[in-house]
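# Survey of secondary and tertiary structure
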Amino acid sequence: MTAARRTKSAVDTTDRAPRQLPGSACEACQKRKVRCDRKSPCGTCKDGGLVCEINTQRRPRGPKKGELNNLRSQVGVCLNRVVALERRLSLDPTEEALTLATQFSEAPPVPEMPSASSASDQDFSQFPSPSCQRRPSWESDIHIAMSPMTPSSLPMGFSTFQFPPSPQSPPRCAFVDDLMRADLDQLYFDRVHPNVPIFSQSQYFARSRQISMMDGPNYLLCLQYAMWTLAMSFSSQFESSRDLFYKETRHMLENLDLHEDDMNTVRVEQVQAWLLLAFYEFARCNYRRAWITAGRAFRLVQLARLHEVDISENAAECDDAVSREEKRRTFWVAYYLDRLLCIRNRRPLTLIEEMICTRLPSSDLAFQGGSPVQERFLEEVFASGDHSLLSPLAESAILLTIFGRAVSQCQAQRTQPTYASASLEFWMRQEWVKNTLSSSLNSLMVNHPVISAAEPMLFFSTMMAHAVKIYMCQIVESTSHEESCRPNVVECQNQAMHAAREIARLVKAHEHIPYFKAYIFLPLAIFLAASRLMAHLDCVVENMQALTPLGTSCYQGMEVKDGINAEFQCCMNALRSMQSFNNLAREYLLVLEPQESFSLTAFQGAFLCE
């Protein structure tokens, strides 16, 4: 029964007429969307009295050739306009930017693409899709890395395209509104100025009002940007904007330097901007780039003759007392930065002590009050031995001058082994450095009985006074290999160990230190202390390994090791706390952590052998 039904259904299907009649429907039936019987004339046209026409050369259905690519290109251009406008408005939400956006929205529309007839003869496969469309050239105002589309780079068939006129670039500080500007200024003088005490606050705000009335980039604007960039590195609030400000500052400085023709004219703002940029790069960028930037700043210091601020020929200049003091401070900040950079790799000094004719900086209280006190020259302080009433910046300059003389002593020792009296002269200079350093440290303790991390420059000066002892010990160990020098070497090692433990004590006593207010080069002093403590730990392990075969107990060595290891871990914890925002701390950890693992393994092996 079922088979019979299937056979009958198959016969019905075969006999049934097709749903669509052969041939083409006439034009009238197609327009009216009615069924055409394909006769000539068809029944519909015959009943309606219409002319029945059949078009046998009908165009194929679907989009025209190249039309889809044309639409994609137009959409890509429009999307790029929207992206550029949104970015401009997000960076500059001011009335001027809104007016600029209104003018931009009234720009000429995107021109029509070639007609279908011409499009069919051209290859539109070269047109970029929206995902790879290049951004328009007017986005270069904010120096985002991109390649603007130029007429020569347009694909074939797109040469008739015309970009809308580029709007006038807004001022470079336009995306810093008044509230953000005030916040950054306050952040700089709260956290950066105690570390880099160069500027008078009242004079800075007076110059800031001049910047707002200037057109185009200038060194005052570069200096302000450098101050804001360094301030952002001392806060997590502006972490997202920090790199943009840094790139903009460096871009403006390099462009201004390239267009500077007179090498004898150097603005002090130019020197200050490069110095602040160097401090930023030491904290947030790699050491090599920062070292090169610092060298550039040192050469500008020499070109500006800031080492001769108080020489008689320059005394007749029309600078007021505050401006002259600001120049002194700029020089001394560059001076002690030059000395700090020599500690790591024993690089040669750039700013020579014998050429200095600039007085030491005045106290910050008198400087900010507009009446800086005229201080003594550096050599006068060393000659008298009186370090009383000196500012923390002046104390730092004196301590690092002692260090600079120790470095010069080390470099001289390398070239003097052929002289008979070389060893005697070396130890005489070493004795002078040790006595002068002790006198300076005692004066520092008398002038400032309480050393607090709330004063970062003073806190760093105290730690550097101990760090210089450690560095001097390294110099002695690397240059004194004679057996007759052994007692002097041991004495230096004991003093260096005491200095390292003192640094660890200061770090432990101020472990609550607000690290965003810590001095940028504080990891250097901590690294020197940790290195000395690690070297002493290795000596303890060697002594324990030597005593174990003799049957001597190692428990006394364990106690010594535990005490030193606790101090070493205190230094390591401080460096780990600062590594998230200070690249110097991160680099020193990369040096210390492998040594820490090796020393711990060696000590455990010595203890198990017992």
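Residues numbered from 1 in each chain as written. Predicted model: local features only at pLDDT ≥ 70, side-chain atom pairs only at ≥ 80, totals over all residues. Heavy atoms only, no water.

### Quick notes on the overall build of the protein chain
The cut-off we apply is this: Helix numbering and strand numbering both begin at the N terminus, where a helix is a DSSP run of H or I of at least 4 residues and a strand a DSSP run of E of at least 2. When accessible area is computed with a 1.4 Å probe and restricted to protein chains, residues below 20% of their type maximum are described as buried, those above 50% as exposed, and intermediate ones as partly exposed. All accessible-area figures derive from a Shrake-Rupley calculation using a 1.4 Å probe, and residue coverage is judged against the displayed protein chains alone.
Looking only at helices and strands, the protein chain features 22 helices and 0 strands. When each of the 610 residues of the protein chain is scored for burial, the buried share is 46%. Accessible surface, the protein chain as shown: approximately 31900 Å² in total, 54% of it carbon and sulfur.

### Here's the deal with the nonpolar core
Selection criterion: To qualify as a nonpolar core, a set must consist of buried Ala, Val, Leu, Ile, Met, Phe, Trp, Tyr and Cys residues joined through side-chain atoms within 4.5 Å. Contact between two residues is taken to exist if any of their heavy atoms lie within 4.5 Å; hydrogens are not considered.
Judged by nonpolar contacts, the single largest core of 146 residues is most densely connected at Phe279, Leu340 and Phe521. Take this core: its biggest share by element is 15 residues, from helix α18 (residues 456–479). Apart from residues no more than four positions distant in its own chain, Phe521 is found in contact with Phe279, Phe282, Leu337, Leu340, Leu341, Phe460 and Leu584. Counting residues in each nonpolar core, the second largest holds 7 residues, with Cys29, Cys36, Cys42 and Cys45 among its members.

### Overview of the packing of helix α12 (residues 287–303) against helix α13 (residues 321–345)
Basically, it comes down to this: To obtain an axis, a line is fitted to C-alpha atoms, over the contacting stretch when the element is a helix, and the angle between two such axes runs from 0 to 180 degrees between their N-to-C directions. Each angle receives one of four descriptions, namely roughly parallel if under 35 degrees, roughly antiparallel if over 145, roughly perpendicular if within 65 to 115, and oblique otherwise. Left-handed describes a crossing whose near helix is turned anticlockwise from the far helix by less than a right angle; the clockwise case is right-handed. Following the grouping adopted for this structure description, the nonpolar residues are Ala, Val, Leu, Ile, Met, Phe, Trp, Tyr, Cys and Pro, the charged ones are Asp, Glu, Lys and Arg, and the polar ones are all others, Gly among them.
Running from amino to carboxyl end, α12 crosses α13 at an angle of 140 degrees, the nearest separation of the two axes being 10 Å. One element, α12, and the other, α13, form an angle in the oblique class. Where α12 crosses over α13, the two elements pack in a sense that is left-handed. Along its contact with α12, which presents Tyr287, Trp291, Ala294, Phe298 and Val301, the element α13 presents Phe331, Ala334, Leu337, Asp338, Leu341, Arg344 and Asn345. Along the lines of polarity and charge, the residues of the contact of α12 with α13 split into 9 nonpolar, 1 polar and 2 charged.

### With respect to the pattern of salt bridges
Our working definition: By salt bridge we mean one thing: a side-chain nitrogen of Lys or Arg within 4 Å of a carboxyl oxygen of Asp or Glu.
Tallying each qualifying case throughout the model produces 24 salt bridges. One salt bridge connects Arg296 with Asp257, and the closest N-O pair in it is separated by 3.3 Å. Remark: Asp257 occurs in helix α10 (residues 239–258) and Arg296 occurs in helix α12; sequence separation between them is 39 residues. In this structure Arg296 comes out as partly exposed when scored by relative accessible area, which is 34%. A relative accessible area of 16% means that Asp257 is categorised as buried. Measuring nitrogen to oxygen at the nearest pair gives 3.1 Å for the salt bridge that ties Glu379 to Arg405.

### Some remarks on helix α19 (residues 486–509)
Heads up, the condition is: Multiply 1.5 Å by the residue count of a helix minus one, and that product is the helix's expected span.
An ideal rise of 1.5 Å per residue puts 34 Å on 24 residues; α19 measures up with 35 Å between its terminal C-alpha atoms. Within the sequence span of α19, burial applies to Val489, Cys492, Ala496, Met497, Ala499, Ala500, Glu502, Ile503, Ala504, Leu506 and Val507.

### Quick notes on unusual backbone geometry
In the segment running from Ser40 into Pro41, the intervening peptide bond is cis, with an omega of -5 degrees. Among the structural elements, Pro41 can be located in the loop between α2 (27–32) and α3 (43–48). Residue Lys33 is not a glycine yet carries a positive backbone phi of 55 degrees. Locating Lys33 in the fold gives a position in the loop between α2 and α3. Residue class for Lys33 comes out exposed when judged on its relative accessible area of 77%.

### Side note on the side chain of Gln270
Tracing the backbone through its elements, the reader meets Gln270 in helix α11 (residues 268–284). The buried category is assigned to Gln270, whose relative accessible area is 4%. Apart from residues lying up to four places away in sequence, Gln270 is in contact with Tyr219, Asp257 and Leu300.

### Focus on α10
The terminal C-alpha atoms of α10, which comprises 20 residues, lie 30 Å apart, in line with the 28 Å expected from a rise of 1.5 Å per residue. Among all positions in α10, only Arg242, Phe245, Tyr246, Glu248, Thr249, Arg250, Met252, Leu253, Leu256 and Asp257 are buried. Considering only its buried residues, α10 is in contact with α7 (178–192), α9 (219–232), α11 and α12.

### Structural notes on the packing of α18 against α19
It is at 8 Å that the axes of α18 and α19 come closest, and there the two elements cross at 150 degrees. One finds that α18 runs roughly antiparallel with respect to α19. Between α18 and α19 lies a crossing whose hand is left-handed. For the pair formed by α18 and α19, the contact residues are Phe459, Thr462, Met463, His466, Ala467, Lys469, Ile470, Cys473, Val476 and Glu477 on the first element and Val489, Cys492, Gln493, Ala496, Ala499, Ala500, Glu502, Ile503, Leu506 and Val507 on the second. Considered class by class, the residues forming the contact of α18 with α19 number 14 nonpolar, 3 polar and 3 charged.

### Focus: the confidence of the model for the protein chain
The condition is simple: Values of pLDDT, which run from 0 to 100, indicate the predictor's confidence residue by residue.
Residue-level pLDDT values for the protein chain average 76, and 70% of them are 70 or greater. The element-level mean pLDDT for the protein chain is lowest in helix α6 (residues 116–119), coming to 40, with α11 highest at 95. This stretch, residues 418–422, has a pLDDT under 50; its non-local contacts, to residues over four places away or in other chains, come to 2 contacts.

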